[in-house]
Amino acid sequence: MERIICLIAGYLFGLIQSGYFYGKAHKIDIRNHGSGNSGTTNALRVMGPKAGAVVFLGDFLKSLLPCLMIRVLFRSQPEMIYLLILYTGFGVILGHNYPFYLNFKGGKGIAATAGLIVATDLRMMLLCLVAFVLIVAVTRYVSLGSLVVATIFLIWLFLFGMMGAYGLDQRLLPEFYIVTALISGQAFWRHRANIGRLVRGRENKISFGSGKK
């Protein structure tokens, strides 16, 4: 029951489409511009740096806050609290990526994943942040930096989960790994077109000067 509650609560938070609402406030349906999704990178490219920052913060917080709430509400169940945090974050990502009221056309879930990472493990957050900044600074491929973050998330939780870092009941570890893999896999699935362009050398690079392609 706790898992279902966390997943549904996360999905409801994920429905807060920062990019879509910010765009509408400026008389733009962001889904009709750029890459067609409502996430941070497209907001940055279509509406500029300020929009990118606002949208990122909104999508980051809508994941971070419910995950932190779960830490408080279920603190009496330390043996499964990190699993419940994952379910909550996964729900947020699903709500962000597939909002029912926008015909299931949302973003790619990286800012929401960042919120989950911060709520889970600050050490992992630091590693992901450094890796993302370095990769984007060198290559200017936001998609590549995002995929590396998703990979670090997967490997980190598998390794530290195995080492007992999160105090999980050992019987819950397989489930913990499955949810972790689903979250990481969702990032790769939503970036499948970007992966194809990266392989062909045709991926769009971010411009730090103007915020345009």
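Note that the structure is predicted; figures quoted are calculated from it, not measured.

Let's talk about the overall build of the chain
Check the secondary structure of the chain and you find 10 helices and 0 strands. Along the chain, helices (α) and strands (β) appear in the sequence α-α-α-α-α-α-α-α-α-α when read from the amino end. Its C-alpha radius of gyration of 17 Å places the chain within 12% of the 17 Å reference for a compact globule of 213 residues. Dimensions along the principal axes, computed over C-alpha positions, put the chain at roughly 50 × 35 × 25 Å.

Quick look at the UniProt feature "transmembrane region" (unreviewed entry) in the chain
Sites flagged by UniProt as "transmembrane region" (unreviewed entry) map to residues 51–74, 81–98, 110–137 and 144–166. As annotated, residues 110–137 has a helix share of 96% and a strand share of 0%, and its two end C-alpha atoms lie 17 Å apart. Structurally, residues 144–166 comprises 83% helix and 0% strand, and the distance from its first C-alpha atom to its last is 28 Å.

Let's talk about the environment of Ser 18
As for its placement among the helices and strands, Ser 18 is situated in helix α2 (residues 18–25). A C-alpha to C-alpha distance of 8.7 Å links Ser 18 and Thr 40, two positions 22 residues apart in sequence. In contact with Ser 18, not counting residues within four places along its chain, are Val 55, Gly 58 and Asp 59. Side-chain polar atoms of Ser 18 contact the side chain of Asp 59, separated by 2.9 Å.

Quick look at the environment of Tyr 166
Positionally, Tyr 166 belongs in the loop between α8 (142–162) and α9 (173–190). For the pair Tyr 166 and Met 80, spaced 86 residues apart in sequence, the C-alpha to C-alpha distance is 8.7 Å. Filtering out sequence-adjacent residues up to four positions away, Tyr 166 remains in contact with Pro 78, Tyr 82, Thr 120, Asp 121, Arg 123, Trp 156, Leu 157, Phe 160, Gly 161 and Phe 176. Within polar-contact distance, the side chain of Tyr 166 engages the side chain of Asp 121 at 2.7 Å.

Some thoughts on the nonpolar core
Ranked by size, the top nonpolar core spans 38 residues in total, and within it Leu 86, Phe 153, Leu 157, Tyr 166, Phe 176 and Ile 183 carry the most contacts. Put simply, the parts of the chain that give this core at least two residues each are α4 (49–73), α5 (81–97), α6 (110–120), α7 (122–139), α8 and α9. Among the elements that make up this core, the one with the highest residue count is α5 (10 residues). Residues Tyr 22, Ile 30, Ala 43 and Ala 51 belong to the second largest nonpolar core, which totals 5 residues.

Quick look at the packing of aromatic side chains
For the structure shown, the criterion picks out 9 aromatic pairs. Aromatic pair Phe 21 and Tyr 101: ring centres 6.5 Å apart, planes at 15 degrees, arrangement stacked. Of the two residues, Phe 21 sits in helix α2 while Tyr 101 sits in the loop between α5 and α6, which places them 80 residues apart along the sequence. On the basis of relative accessibility, which here comes to 33%, the residue Tyr 101 falls in the partly exposed class. Here Phe 100 and Tyr 101 contribute two aromatic rings whose centre-to-centre distance is 5.7 Å and whose plane-to-plane angle is 80 degrees, an arrangement assigned as edge-to-face. Every member of this aromatic cluster is reached through a ring pair, and the members are Tyr 82, Phe 158, Tyr 166, Phe 176 and Tyr 177. Directly above the ring of Trp 189 sits Arg 192, whose terminal nitrogen or CZ lies 3.9 Å from the centroid.

Re the side chain of Gln 186
Here Gln 186 is to be found in helix α9. When near neighbours in sequence (up to four residues on either side) are disregarded, Gln 186 contacts Ile 93, Leu 94, Asn 97 and Tyr 98.

Some thoughts on the environment of Leu 64
Looking at the element boundaries, Leu 64 is found in helix α4. Beyond its immediate sequence surroundings of up to four residues, Leu 64 is in contact with Gly 115, Val 118 and Ala 119.

Basis of the calculations
- Residues numbered from 1 in each chain as written.
- Predicted model: local features only at pLDDT ≥ 70, side-chain atom pairs only at ≥ 80, totals over all residues.
- Heavy atoms only, no water.
- Helix = DSSP H or I, 4+ residues; strand = E, 2+ residues; numbered from the N terminus.
- Rg over C-alpha atoms; globule rule 2.2 N^0.38 Å.
- UniProt positions renumbered as here; feature names shortened; annotations may be inferred.
- Contact = heavy atoms within 4.5 Å.
- Polar contact = N/O pair within 3.5 Å; in protein donor to acceptor, adjacent residues only side chain to side chain.
- Core = buried A, V, L, I, M, F, W, Y, C linked by side-chain atoms within 4.5 Å.
- Buried < 20%, exposed > 50% of the residue type's maximum accessible area, 1.4 Å probe, protein only.
- Phe/Tyr/Trp six-rings, centres within 6.5 Å; stacked < 30°, edge-to-face > 60°.
- Lys NZ or Arg CZ within 6 Å of the ring centre and 35° of its normal.

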